[in-house]
Amino acid sequence: MTAPPVHPSFTRRLLTSGRLSRRGLAGSLFSGELARTLLTPHPVEHYARSLGVTWSDDPTGATVVSVDRPVSDVTVLTLRLPAGVARPEPGAALEIGVVVDGVVHRRHYSPVDPASRADGLATIAVRRHPGGVVSEFLWAAAEPGMRLLLGNPAGEISLPATRPSDILLVSGGSGITPMLSIASTLAAEGHCVGRDAGTAGPDTAAAPTRPGRVSWIHYARSTADVPFRDRLRELSCEGIDVHVIPTAGEHSAGATTEGRAITHPGLAGHLSSDHLEETAPWHPEATVFLCGPEGLATGLEKVLGAERFSGVLRERFTATVAEVPDTDGGAVTHLTSGVTADNPGTTLLEGAEAAGLSPQHGCRMGICHTCTAVRVSGATRDLRTGEVDSEPGCRVQICVSAPVGDVQIEL
């Protein structure tokens, strides 16, 4: 599917009437969450460009306000969001797009600010990955005034409207960002100091009789690798019990500012039951949030047990995807493009690319949902779970779905 054409004379009459500029026209039509929803599956800027709106005037994108590189592999960007675009919930992410060599690449980054920030700005942190198209591009080229594409919020975790009384945050590496948003929001609401937990969130129906407890354990190779260290110290002064634990064997007496430590004396290495008992002995009753590499998740599951771990609210770095069984495959008809091609046993995304198509996608691992398309008929296997589904008209993530027999899909 392509964006509907707009006749040049229609655009010209609107622009020469003296009532709307080109920027104002696109802004009027495409701003707001309703417009973004109605115009799915295409991102809003796809339609804005049908009106001839230039890249610099596109009202649907985000503008870089400031850039910082606090450590050797992290780019911190403060963005001005367009009018009418709501911030994602604490812990959820913004979809950011950049154009590199003429190709749009999309990734998801969690704002690190509290949800109460009302100045139209959002700060994200992008960890630089060797060979990573987007992270390398932003590391080298990001500067104030740069325009970025902006999609819909996404993410597997967010802070519930009724705040849990006791919360344990566990993160590692770049998993710091969604947890920083959650912790900053709780601190801004006075969750831990001087107020009843739950009364400062959006849903005030349930109000526990005591202030809440929040413990945050973050794992990094060393404290020098951790961005936002000053902000972590501020949070520790606002009632959030912050613990940075080095995994490379570094024992620290605690890096402090104004007497507040963010490292726990004597604790180092990978997650263990001792770490939880030392930092959050009340954790059996807590709501647990997790964001970090697979090894961190495995360690937490071992400590908590499978049943308790099943209730952890988790944001994944990568999805666990199985190989496509030898029995899978079939003829895939891409209805929008009119291309039918044999899929010998790959994902629908890989099969479409092999057939010469360029479906929209982002993470290629089942996280961001950018590649979602409608399966009109046939059956597909979800490679994360192994489940086969054949419900007509179902939306599937083509990067983690393989055909089981012949399939028709809107691509």
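Up top is the structure.
Remember, it's a predicted structure, so these values are computed and weren't measured experimentally. (Residues numbered from 1 in each chain as written. Predicted model: local features only at pLDDT ≥ 70, side-chain atom pairs only at ≥ 80, totals over all residues. Heavy atoms only, no water.)

1. What about the sheet that holds strand β17 (residues 380–382)?
Strands sit in the order β18-β17-β20 across an open sheet of 3 strands; the sheet is antiparallel. Every other strand in the sheet has two partners, leaving β18 (388–389) and β20 (401–403) as the edge strands with one partner each. Both β17 and β20 contribute to a ladder of 3 bridges, which runs antiparallel. Each bridged residue has a counterpart across the sheet, and for D382 the counterpart in β20 is S401. (Pairing = 2+ DSSP bridges. Helix = DSSP H or I, 4+ residues; strand = E, 2+ residues; numbered from the N terminus.)

2. Observations regarding unusual backbone geometry
A negative phi angle is the norm for most residues apart from glycine, just as the trans form is the norm for most peptide bonds. Even without being a glycine, F228 presents a positive backbone phi close to 65°. By secondary structure assignment, the location of F228 is in the loop between β8 (213–220) and α7 (229–237). The class of F228 is buried, set by a relative accessible area of 18%. (Buried < 20%, exposed > 50% of the residue type's maximum accessible area, 1.4 Å probe, protein only.)

3. Here we look at the sheet that holds strand β6 (residues 147–150)
What the 6 strands build is an open sheet, ordered β4-β3-β6-β1-β2-β5; its pairing is antiparallel. With one partner strand each, in any of the chains shown, β4 (103–109) and β5 (121–127) form the two edges of the open sheet. Averaged over neighbouring strand pairs, the angle between their axes works out to 40° when direction is ignored. The sheet contact formed by strand β1 (residues 62–71) and strand β2 (residues 74–80) spans 6 bridges and is antiparallel. Looking at the pairing, D68 lines up with V76 of β2. (Axes fitted to C-alpha atoms, helices over the stretch in contact; angles between N-to-C directions.)

4. Details of the packing of aromatic side chains
Given two aromatic rings, one states the distance between the centres and the angle between the planes to describe the pair. Counted by the stated rule, this structure contains 0 aromatic pairs. Cation over ring: R69 sits above W139, and NZ or CZ is 5.6 Å from the ring centre. (Phe/Tyr/Trp six-rings, centres within 6.5 Å; stacked < 30°, edge-to-face > 60°. Lys NZ or Arg CZ within 6 Å of the ring centre and 35° of its normal.)

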